[in-house]
Amino acid sequence: MSNVTNVKSYDEALGALKKGAQNVRVRTKYTGNEQSFQKFVDALAGNKTCKILDLWGNGIGDSGAIAIGKSLETNESLTNLNLRNNNIQDTGAGAIHDAIRGNKMSALVTLDLDDNDIDQTLLNDIDALLRRNR
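Quick notes on the rules
- Here the residue numbers are simple positions, counted from 1 along each chain's written sequence.
- Per-residue local features of the predicted model are confined to residues with pLDDT of at least 70, and side-chain atom pairs are confined, for both listing and counting, to 80 or more; whole-chain, interface and lining totals are unaffected and use all residues.
- Derived side-chain values reflect all non-hydrogen atoms in the structure, with water molecules and hydrogen atoms excluded from consideration.
- For the purposes of this entry, the term helix denotes a DSSP run of H or I that reaches at least four residues, the term strand denotes a run of E that reaches at least two, and both are numbered from the N terminus.
- For each residue, the accessible area found with a 1.4 Å probe, counting protein chains only, is set against the maximum for its type, and the residue is called buried under 20%, exposed over 50%, and partly exposed in between.
- Pairing of N or O atoms within 3.5 Å defines a polar contact, subject to two protein rules: one partner must be a possible hydrogen donor and the other a possible acceptor, and residues neighboring in sequence count only if both atoms are side-chain atoms.
- Two residues form a contact once any of their heavy atoms are found within 4.5 Å.
- Nine residue types can take part in a nonpolar core, namely buried Ala, Val, Leu, Ile, Met, Phe, Trp, Tyr and Cys, and a core is a set of them joined through side-chain atoms within 4.5 Å.
- The rule for pairing is simple: two strands pair if DSSP sees at least two bridges between them.
- Axis angles are defined between N-to-C directions and span 0 to 180 degrees, where every axis is a line fitted to C-alpha atoms and, for a helix, only to the segment in contact.
- Salt bridges are defined by distance alone: a side-chain nitrogen of Lys or Arg within 4 Å of a carboxyl oxygen of Asp or Glu.

Draft legend 1. The arrangement of the side chain of Asn75 in detail. Structurally, the position occupied by Asn75 is in the loop between helix H3 (61–72) and strand E4 (80–82). Accessibility expressed as a relative area gives 2% for Asn75, which makes it buried. Within polar-contact distance, the side chain of Asn75 engages the backbone oxygen of Leu44 at 2.7 Å. When residues no more than four places from it in sequence are discounted, the contact partners of Asn75 are Leu44, Ala45, Asn47, Asn103 and Ser106.

Draft legend 2. Layout of the nonpolar core. Of all hydrophobic cores here, the largest spans 37 residues; its most connected members are Leu53, Ile68, Leu83 and Leu111. Mapped by element, the contributors of at least two residues to this core are helix H1 (10–18), strand E2 (23–26), helix H2 (34–46), H3, helix H4 (90–102) and helix H5 (120–133). Setting aside residues up to four positions removed in sequence, Leu111 forms contacts with Leu81, Leu83, Ile96, Ile100, Ile126 and Leu130.

Draft legend 3. How the structure looks around the sheet that holds strand E1 (residues 5–7). In space, the 5 strands of this open sheet follow the order E1-E2-E3-E4-E5, with parallel pairing throughout. Both outer strands of the open sheet, E1 and strand E5 (110–112), are each paired with one neighbouring strand and no more. Direction aside, neighbouring strands of the sheet carry axes that sit 10° apart on average. Pairing analysis gives 3 bridges linking E1 to E2, with the strands arranged parallel. Directly across from Thr5, in E2, lies its bridge partner Val24. Taken strand by strand, H1 contacts E1 and E2, and its axis lies near 175° from that of E2.

Draft legend 4. Representation of the pattern of salt bridges within the structure. Under the counting rule described, the total for this entry stands at 9 salt bridges. Across the salt bridge formed by Arg84 and Asp114, the nearest N and O atoms sit 3.3 Å from each other. Taken together, the residues Arg84 in the loop between E4 and H4 and Asp114 in the loop between E5 and H5 connect sequence positions 30 residues apart. With its nearest N and O atoms 3.4 Å apart, the salt bridge here joins Asp98 to Arg101. Taken together, the residues Asp98 and Arg101, both in helix H4 and 3 residues apart, mark about one turn of the helix.

Interpretation note: all reported values are geometric properties and have no functional meaning in isolation.
Here it is in structure tokens:
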């Protein structure tokens, strides 16, 4: 896989997507950057190049997870998504679950949701959907 593109803002992440980055690691905080985050995930929805996205510890919470879910409804390239330690609960995880379930062209095979507050049954259901894509 290609080198990691490390960025410190969602605007930089958007720029990386536009340049064809395949592996993007974003290290910033969601709070105060919601509009930039939304632009980024809107672009992710139709992106054809990004395979790995790491948002570890961005604090996106349920609202950010719902936005990610919207992008996953149509994204066909992302294979690995790290949402570890993001204050996501069942509402946000449910939106991601529904998006993966509804996108028959999803390439997502790895989704790290550790260190969030998500019901184990929901996590198991998400894992079953990811196995479908393997």
